[in-house]
Structures are given as structure tokens and as C-alpha cells.
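The residues making up each chain are set out below.
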Amino acid sequence: MALDIRRFIQRFVEEAADHLPRLREGVSALEQGHADREQVNELFRAAHTLKGSSRMLKLVPITALAHSTEELLSALRDGTLTATPVVTSLLNQAVDGLADLISRLAEGATGDDLPAADEALCSALENAAHGQAITPPSPPTTLAPFSASSMPPSSAALVTESELRLSDTVRVRLDRLDDVIRLMGEVLSGHHHLHALVDQARELSTTLPAEQQAPFHAFHRELKESVLSHDSLMSDLHDRALQMRMLPLSVVFDPLAHMSRELAQSLGKQVDCRVRGSEIELDRQMIDRLSDPLIHLLRNALDHGLESLAERQAAGKPPRGQLMIEAWQDADWVVVEMRDDGAGIALDVVRQKALAKQLISEEQLNALSEQETLELIFLPGFSTKSMITDFSGRGVGMDVVKRSVVDELNGDLQLASERGNGTRFTLRLPLSLAMMRVLLVSVGGVNLGVTAPYVSELVECSSHSFIDAAGQRTLVLRNEFVPVVSLAQLLGLPVTTSMTNKTLLLVVHQRHQKLALIIDSLIDERDMVIKPLPVHLRYLPLVSGMVSMGRNALVSLLHVPALLEATRHTAQRPSHEHTSPTLAKRILVVDDSLNTREIEKDVLEAWGYHVTLAENGRDGLAKALAEPFDAVLTDVEMPVMDGFALTTRLRENEVYRYRPIIIITSREKEADRRRGIEVGADAYIVKGSFDQNNLVETLQALLG
């Protein structure tokens, strides 16, 4: 997609319109001898910002003139130069020159259309900065003052006329803009109430006498058409208001790129930081909250990820590390990715640190998949650094990053790492926190909302469709097991009994984890204004915000990550009599679905087996070869390596040539069953007809 450079030049012009008056005021204060140190610093920063911004857009003449101006202001700031009349005259000419070039951009010129910077003026500015004797350059002859009756206006007159023209932009304080958006949200919420009044009017018509039906129907039709015609107008108005608060990611990405070079130098490392997608826009609220997590991820990449120069050379890598910060839009989401080509995360070191800090037991650690082991770095207090430094954040921070992204930004944070080849953090964020798509449901006589990014699907099924897995009611949904929980019971609300045999399920998800919530009914789905919780209610873990539904009616938004956490491992385990040989058996469960792995683990542990989990065929093969297991349970459809390939590889190994391998999959075709037998599976269980007793009996028979 071609980059629309005109849009960014317009933003540069708007930014420059703020800096030019500051430059003029500062130079005027210098002339009068009133400028203090802070005002000189402000002058320097304004010139520096113009130089940096113009360089990004390849506005070469502006960059050159701003650079020379910055040199002179730097000498004034350092005290190596005083503000003589010659110096202030040069600065005035520089500001005039910058104003002229920026005025041309405002009138539609591009970087290629701009005239070259005045070399004599640039040289005079830089010579003055270095204390060399200078003669102020004369203004160009084409702009010199002439007789008013016969020639064009003077240089000063041109500048004045340019400044007198009103800009097509207006700078507004952010708090005022926030107030407008908040009020627009209230208006939009109030407008939705009109839909309820239209429905009430329709119901009221049935109670009227026959002679009043016709005029009332006409009134109802006109009211309905009026409300519908205003729907798109109201949404449009609110969308436009939100767009005014959108900012490009460049306001975060560009400082990060600059910071990466300075931080790498302080660590004795070298890095090339590349940025892509900085033109993608996010709400200002998102930008503000995104800065801190990205800064910490950057510091983490430089400190933990990239190797030292000697280590990179020993590994055959180029001396300069590579860091990429990239963003792209995916429907209503923005994906931000930071990746490096460093050493990657050492799983053995992660395991050792987790045990040493007593963050997890050895038994729990052995049951984790490779991905789950990686994600231990998000536990509070986790750090793989042998020495705590100010740079590495005193051993805390990654848990705060995850909490910021998931809880505060309603997003998702994913981690991938390959030993020796680098690490990748992927943030998935909504475009705005001010307004989101919300699903409204009724549970136990209470209306509740769930933001659309967490909604997977709505399912209506018979209660006979559920299976019992270690005491947990479970739904087989395509190729995975999904736990089923009554939302009313979870929230302590009255449980309503359905008159039909059908159960309505709202399936929510976060990354690889899903949960099916039993609800009473679906009310509506629409874009709604999200209101933050008041301070005295922010302790509620299961509520993330509120939306307005009708007049003075507030609906709580459920915080899905907290719901998922609250329902993990809460199922009651049935008690069974076990013999000691059964207790000693070790089972490897391989499945790419987190829900399926956990449920199969719960079933097997309820019968006394010791269970280790793997998230795909490659992970399962690595764990199977690292230590012997008595049996392997595997899915078929998995990334990296599927279950058929895993079974084939295991049968080639002497240890697993005759050990039980059970395939548990959603594939029901006879051809798939035959394929399972051909590759060496001992049993083939279809998830759709899964029965935990059948699984355990099959396993016991195969193990003897």
C-alpha cells in the first residue's frame, strides 16, 4: 500500500504552526535581553523538533535550515555564545526562511517543490555558532524591498501576509476534546433509549380503542422512521469526534527507535531498529497507555534478548543486533509486534528460576507445555537476570506489561521465542477504548455486557450434548473440549430454569482458552460507549467497565480474562480407588487446544495418572524423547507437526515401539481411522462421542 505522504506533510505543517510563534517570541526576547535559560532551551527544542520531523519526511531544505539554526541555538544554550545584534539578526532571517518554506507546504507544495535552503544563511549560522567572524548575508535579490508603486512586496511583507492568513486547522486542548467525546457518548446512549420508546409505543397501540388505532399507527410509523434516520447520523457524529482524537503510532514508535540506539550504547551493544506501520492510528487514550509497556519490552529486548558483541560473533551473527517494531491493522484491531534476532529465551533457565523463586512446584512445572513454560516470565517477580540492575527494572515488570495490555487496554499479549534466533512479542489492541462492539445478555434477571473481541460464538444445544470430564461439564465444540459454566452461579445470581431442553451458551475466549457460559437470553449487539468504573468500584475483579442502556440504566461489562481465571481448575474431582501401579504411570497428552489439554489432564489425574502436556507434535516429540512415558495421547490436527506424523516418529524410536499411543480427534471418517492404524496408533477415539470412562478403560487395557 502506497504511503500517503501528503497526510503527514499536513501534520508537519500543523506542528510547525505551533513552533514558529515560539521561535519568534524567543528571538524577540533575546533581542530585548529578556530571555532566560529555559526560554533558550525552548528555542532549541523547537528547532530540534522541526529538524527531526522534516528529516523523516525528507523535506531537505527545512532540515538543513533548522539544523543550522539548532547549531547556533546550541551555542547560546551552552553559554559559548552571547545574543549579539548580529546573532539575533541571523536567527530572525532563519525563522523567516523556515516560515516561507512551511508556507509553501501549506499551499500544496511537496518536498521536491521546495527551493534549496539559503547556503549563505546556513553557513553564517554555523560560523556564528563556532565563534567565527561573520557578515550577515543580504536577503535574496528576488525578495529585496522595492518601490511600493512598481515592485512586489518586501521579504518582511511576504512573511506578514503568510502569517495573517488563517490556518485551516485549530489546536484544541485535549481535556476539551475529551469532554466533547464524553458528551457525544451520552447523547448516543440517550438516542438508543428512543428505540425502546418506539417498541413501547407499538405495544401501547394494542391497548387503544379501534377508532384510535389508525392515527396512532401513523404516529408510530413517523416516530420509528425519525429514530432510524437519526441512527446513522448519530453514529457518524460520534465516529468523527473519535477520529479527532486519533494519533499515528509514530508518536510512540519514533522515540522508541531513537531510544533503542542510546540504550544499546549504554549496554555496550549495537542495534539497528527498524519501524514499520507507524502511520497506523490509535485513540490518544490507547497511545498514552501503550507507551510504558512498549518501553519495557524494548528494554527487555536490549538487556535480555540481544547478545553482547562477542557472543554474537561466536554465534556467527552480524555484530549489530536487529530490532523490528511493526504495526498493522486487522479488522477492528491493531497488531503491534516487537521482535529481535537475539539469543531467544532459554527454557531450562526459565524452569530453574521459576523453581528457585518458588513461583511454581516441580510437579506443576513438569506438566507445562513449552509455550506455557515460556509464559512463566509474566509471573510477578520473575527475572532471568543473575544480577538486578537499574536497567533491567529490579526484576519486575513483565507481569505489569501483561496486566497493562490485557486488563487496561482490553488487548492480548502473545510471546514466541526460538533459541538462538530471537524473541517476538505480539500485542493485539482495539482501535479505541471509548467505544466498542458489545454483546448484551440477560442472566438471572440481570443485564450484562461482553465486549465483542472476547466473544467467540453463540451456541444453542441440548443439555444431552454435554459430557462429564472429571466432574466438569464440557461441550465438544468441533476439535476441542470447552468447559461449560453457569454464569448465574458464577456471579451468585438466581438460576432460572428453562421450559425447553435447549441451553443457550455464550462462548468467550482469550487466546487459546475458551469457556462456554450458560445465559438466559441475548438482548442486543451494538456499538456502545464504554464508561470506566468509578473509583469505589474498581476493586471488582470480574467487571471491567459499564455501558448505558436506556435512561439511567447502567450495565456492567464482564472482564473475560478474570472470568477465565476464576473458572480454571474449579471442577470437583471424583474419588476413585487406585492401585499403586496405576499411580506410577506417566502419560503424555499432546493437543494444540489449551482447553482440551487441561480437561484430558484433569480426567487422567482424577484416576491417579501423572500427566505431562505438550502443545503440538514437535513439542510432544521433544518431551517424549527427553524422558520415557508409559503412554501417549495425541490429537491429529495440530500446527508444526500433526498427530499422524508424531505417531510415526514415535514408532521409529525403540522406547516407543510398543508403548500405547491413543489418537483422540474430531475426525470421524473411516479413512482417518485407517490412517491412524497405519501409522501405529493402538486406539482411535472420536471427540464427538468422548466418554471419560471409555478413555480410562482403553488406557488401562493397553497398559495392562
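Residues numbered from 1 in each chain as written. Predicted model: local features only at pLDDT ≥ 70, side-chain atom pairs only at ≥ 80, totals over all residues. Heavy atoms only, no water.

1. Quick look at the sheet that holds strand β22 (residues 661-665)
The strands making up a sheet are joined through hydrogen bonds of the backbone, oriented either antiparallel or parallel. Spatial ordering of the open sheet is given by β20-β19-β21-β22-β23, a layout of 5 strands whose pairing is parallel. The open sheet has two edge strands with one neighbour each: β20 (610-614) and β23 (683-686). Pairwise comparison of adjacent strand axes, ignoring direction, gives a mean angle of 20 degrees for this sheet. Lying on the sheet, helix α21 (residues 643-651) is in contact with β19 (586-590), β21 (631-634) and β22; it crosses β22 at an angle near 175 degrees. (Pairing = 2+ DSSP bridges. Helix = DSSP H or I, 4+ residues; strand = E, 2+ residues; numbered from the N terminus. Axes fitted to C-alpha atoms, helices over the stretch in contact; angles between N-to-C directions. Contact = heavy atoms within 4.5 Å.)

2. Description of helix α3 (residues 60-78)
Over its 19 residues, α3 runs 27 Å from end to end, which matches the ideal 27 Å to within 8%, given 1.5 Å per residue. G79, located one to two residues past α3, shows a positive phi value of around 85 degrees. (Expected span 1.5 Å × (residues − 1).)

3. Some thoughts on the pairing of β20
In terms of burial, β20 is largely enclosed, as 4 of its 5 residues are buried. Pairing of β19 with β20, which is carried by 5 bridges, proceeds in the parallel orientation. Among the inter-strand pairings, L588 is bridged to a residue of β20, identified as T612. (Buried < 20%, exposed > 50% of the residue type's maximum accessible area, 1.4 Å probe, protein only.)

4. Re the nonpolar core
Nonpolar side chains tend toward joint burial in soluble globular proteins. Core analysis: the largest hydrophobic core is formed by 49 residues, its most contacted members being L249 and L294. The element best represented in this core is helix α10 (residues 284-305), accounting for 8 residues. Not counting residues within four places of it along the chain, the set of residues in contact with L249 comprises G277, S278, I280, L282, I287, L290, A327, V334 and V336. Within the second largest apolar cluster, 44 residues are counted, among which are A66, A109, L121 and A124. (Core = buried A, V, L, I, M, F, W, Y, C linked by side-chain atoms within 4.5 Å.)

5. Quick look at unusual backbone geometry
Its identity as a non-glycine residue notwithstanding, K58 has a phi of 60 degrees, on the positive side. Overall, K58 belongs to the exposed group, its relative accessible area being 64%. Within the chain, V640 stands out as a residue other than glycine whose phi angle is a positive 70 degrees. Tracing the backbone shows V640 in the loop between β21 and α21.

Taken by themselves, the reported measurements are silent on function.
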